[in-house]
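A closer look at the structure
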Amino acid sequence: MSDLPPADTCALAHWIPLAASRPAMSPAWHRWVGSRDSLTLRLTEAGAPRPFRVRLLDQRLGTPRRDEARALGIAPGQRAWLREVALCLGEHPWVVARSVAPLSGLPEHELAHLGERSLGSWLFRQPGLERGEIEVTSAPAGFHAATGPWGRRSVFRRGDFRVLVQEWFLDAMADDLGLPSR
Ligand SMILES: C=C(O[C@@H]1C=C(C(=O)O)C=C[C@H]1O)C(=O)O
């Protein structure tokens, strides 16, 4: 993946509230980008009978990008749990996702062995889970070569555990589902 820009190229990715993206976003995409329940479940249903699969690209402790640290309210340079995946239907990545969780409050024993099981299927089983506002970008993911119309992010909270989940919807998903370009 040497032709990718360095991760920090997207350090100042421009995120706007979901409502502010409405004029540029088709109703069909808004149903995906604005959905607040499990994306894993939605993709599994929309992609059937193709099998849904999480492909783990990277999972490690590292330094979040500046826009990620800001979204989580942590100091720049503070280390966090990072996870990058491709959510695939059959052979095609439809969504790439990057999740960032501060180490304080991290249930590391539960997340360390997630592997290729979906973070969403774990998250949505957590009692008292809260989800913050969805923000939207048209900047690329920065860690994967595939491009697409929209990225979104939101912070999930349960007690003192927080995770910023960022998901980029890819052109392959638009093609397979016959969705508009934006
Ligand atoms: C947050 C969800 O989980 C999905 C699964 C992810 C993973 O396994 O790392 C990451 C982002 C999500 O798209 C969801 O299903 O809504």
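Looking at an unreviewed UniProt entry, one finds the protein named Probable chorismate pyruvate-lyase, with Halomonas alkalicola as its source organism. Listed under Sequence similarities (unreviewed entry) in UniProt, the entry text for the protein is "Belongs to the UbiC family."

1. A few points about the UniProt feature "binding site: substrate" (unreviewed entry) in the protein
Residues annotated in UniProt with the feature "binding site: substrate" (unreviewed entry) correspond here to Arg83, Leu119 and Glu167. Over a stretch of 85 residues, the named residues converge on one spot in the fold, their C-alpha atoms separated by at most 12.1 Å. Note on placement: Leu119 falls in helix H6 (residues 119–123). Look past the residues within four positions of Leu119 in its chain and what remains in contact with it is Trp81, Arg83, Ser99, Leu111, Leu114 and Val165. Among the secondary structure elements, Glu167 is positioned in strand E8 (residues 161–169). Note on Glu167: relative accessible area 8%, which makes it buried.

2. A word on the packing of aromatic side chains
For any pair of aromatic rings, geometry is given as the distance between the ring centres together with the angle between the planes. Counted according to the given criterion, the structure contains five aromatic pairs. Ring geometry for Trp122 against Phe161: centres 5.8 Å apart, planes inclined by 80°, an arrangement best described as edge-to-face. Taken as a pair, Trp122 in helix H6 and Phe161 in strand E8 lie far apart in primary sequence, 39 residues in all. We classify Trp122 as buried; its relative accessible area is 6%. Judged by centre distance (5.7 Å) and plane angle (80°), the ring pair of Phe124 and Phe156 falls under edge-to-face. In this pair, Phe124 is assigned in the loop between H6 and strand E5 (130–131) and Phe156 in strand E7 (residues 150–158), connecting sequence segments 32 residues apart. The buried category is assigned to Phe156, whose relative accessible area is 3%. One Lys or Arg, Arg182, reaches over the ring of Trp150 and ends 4.3 Å from the middle of that ring.

3. Quick look at the site of the ligand
Lining the immediate environment of the ligand, one finds 15 residues, of which Leu39, Thr40, Arg83, Leu119 and Glu167 sit closest. Take Leu39: an N or O atom from its main chain is 2.8 Å from an oxygen atom of the ligand. Between the ligand and Glu167, the relevant distance is 2.5 Å, taken from an oxygen atom to a side-chain nitrogen or oxygen of the residue. Alone, the ligand offers 380 Å² of accessible surface; in the complex the protein occludes 100% of this. Looking at the shell around the ligand, the elements that each hand over two or more residues are helix H3 (39–47), strand E3 (80–89), H6 and E8.

What counts, and where the lines are drawn
- Residues numbered from 1 in each chain as written.
- Predicted model: local features only at pLDDT ≥ 70, side-chain atom pairs only at ≥ 80, totals over all residues.
- Heavy atoms only, no water.
- UniProt positions renumbered as here; feature names shortened; annotations may be inferred.
- Helix = DSSP H or I, 4+ residues; strand = E, 2+ residues; numbered from the N terminus.
- Contact = heavy atoms within 4.5 Å.
- Buried < 20%, exposed > 50% of the residue type's maximum accessible area, 1.4 Å probe, protein only.
- Phe/Tyr/Trp six-rings, centres within 6.5 Å; stacked < 30°, edge-to-face > 60°.
- Lys NZ or Arg CZ within 6 Å of the ring centre and 35° of its normal.
- Near = heavy atom within 4 Å.
- Polar contact = N/O pair within 3.5 Å; in protein donor to acceptor, adjacent residues only side chain to side chain.
- Areas by Shrake-Rupley, 256 points an atom, 1.4 Å probe, with all protein chains shown as cover.

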